[in-house]
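Chain by chain, the residues:
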Amino acid sequence: DTSDDHYPETKVICLENTHNMMGGIPLSSDYVNQVGALARRNNLKVHIDGARIFHASIAQNTSVAELSKGADSVSICLSKGLG
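**Q** I keep staring at the sheet that holds strand β2 (residues 45–50) and nothing clicks. Help me out?
**A** Strands in a sheet are paired, the pairing made by backbone hydrogen bonds, and the direction either parallel or antiparallel. Pairing in this open sheet of three strands is parallel, and the strands run β1-β2-β3 from one edge to the other. The open sheet is flanked by β1 (12–16) and β3 (73–76), the only strands paired with a single partner. The sheet shows a mean angle of 20° between the axes of neighbouring strands, direction not considered. Here four bridges tie β2 to β3, and the two strands are oriented parallel to one another. Within β3, the residue paired with Gly-50 across the bridge is Ile-76.

Following this line, the structure appears as structure tokens:
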């Protein structure tokens, strides 16, 4: 019963890159692409909280575009320092 708020229907998978609560570990593009493939098979969307995605890009020597290729949307934050 989709009208019961106790049983919400999943629509999106959210990833955080870098993952703050895991010590700032950057997610690889391979991982994001695998999650994206899983999401598409299940009619879900993927969103990346990319507040620190520029950190991930530098740490992995890859572009932000490559790191977010498997996602449907990405948010960024320009107030997170790169120093």
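**Q** When you look at helix α2 (residues 53–60) in this model, what are you seeing that I'm missing?
**A** Because each turn of an α-helix spans 3.6 residues, side chains separated by three or four positions end up pointing in the same direction. Restricting attention to buried positions, one finds in α2 the residues Ile-53, Ala-56 and Ser-57. In a view along the axis of α2, the buried residues occupy a sector of 100°, so they form one face of it. For α2, the exposed residues lying more than 90 degrees away from the buried face are Ile-58 and Ala-59. At its buried positions, α2 is contacted by β2, α3 (64–67) and β3. Positive phi shows up at Asn-61, right after α2, with a value of about 50°.

**Q** In this structure, what is going on with the environment of Leu-15? I would like to understand it.
**A** The residue Leu-15 is located in strand β1 in this model. Placed twelve residues apart in sequence, Leu-15 and Leu-27 show a C-alpha to C-alpha distance of 8.7 Å. With residues up to four places along the chain from it excluded, the contact list for Leu-15 reads Leu-27, Tyr-31, Val-32, Val-35, Val-46, His-47, Ile-48 and Asp-49.

**Q** Just checking my understanding: could you explain unusual backbone geometry for this structure?
**A** Trans is the prevailing form of peptide bonds, just as negative phi is the prevailing case for residues other than glycine. The amide bond that connects Asn-17 to the next residue, Thr-18, takes the cis arrangement and shows omega of 5°. Mapped onto the elements of the fold, Thr-18 is located in the loop between β1 and α1 (29–41). Residue Asn-43 is not a glycine yet carries a positive backbone phi of 55°. Relative to the helices and strands, Asn-43 resides in the loop between α1 and β2. Taking relative accessible area as the criterion, Asn-43 reaches 71% and is therefore assigned exposed. For Asn-61, which is not glycine, the phi torsion reads 50° and is therefore positive. Tracing the backbone through its elements, the reader meets Asn-61 in the loop between α2 and α3. Judged by relative accessible area, Asn-61 falls into the exposed class, the value being 74%.

Conventions we followed
- Residues numbered from 1 in each chain as written.
- Predicted model: local features only at pLDDT ≥ 70, side-chain atom pairs only at ≥ 80, totals over all residues.
- Heavy atoms only, no water.
- Pairing = 2+ DSSP bridges.
- Helix = DSSP H or I, 4+ residues; strand = E, 2+ residues; numbered from the N terminus.
- Axes fitted to C-alpha atoms, helices over the stretch in contact; angles between N-to-C directions.
- Buried < 20%, exposed > 50% of the residue type's maximum accessible area, 1.4 Å probe, protein only.
- Arc of directions from axis to C-beta.
- Contact = heavy atoms within 4.5 Å.

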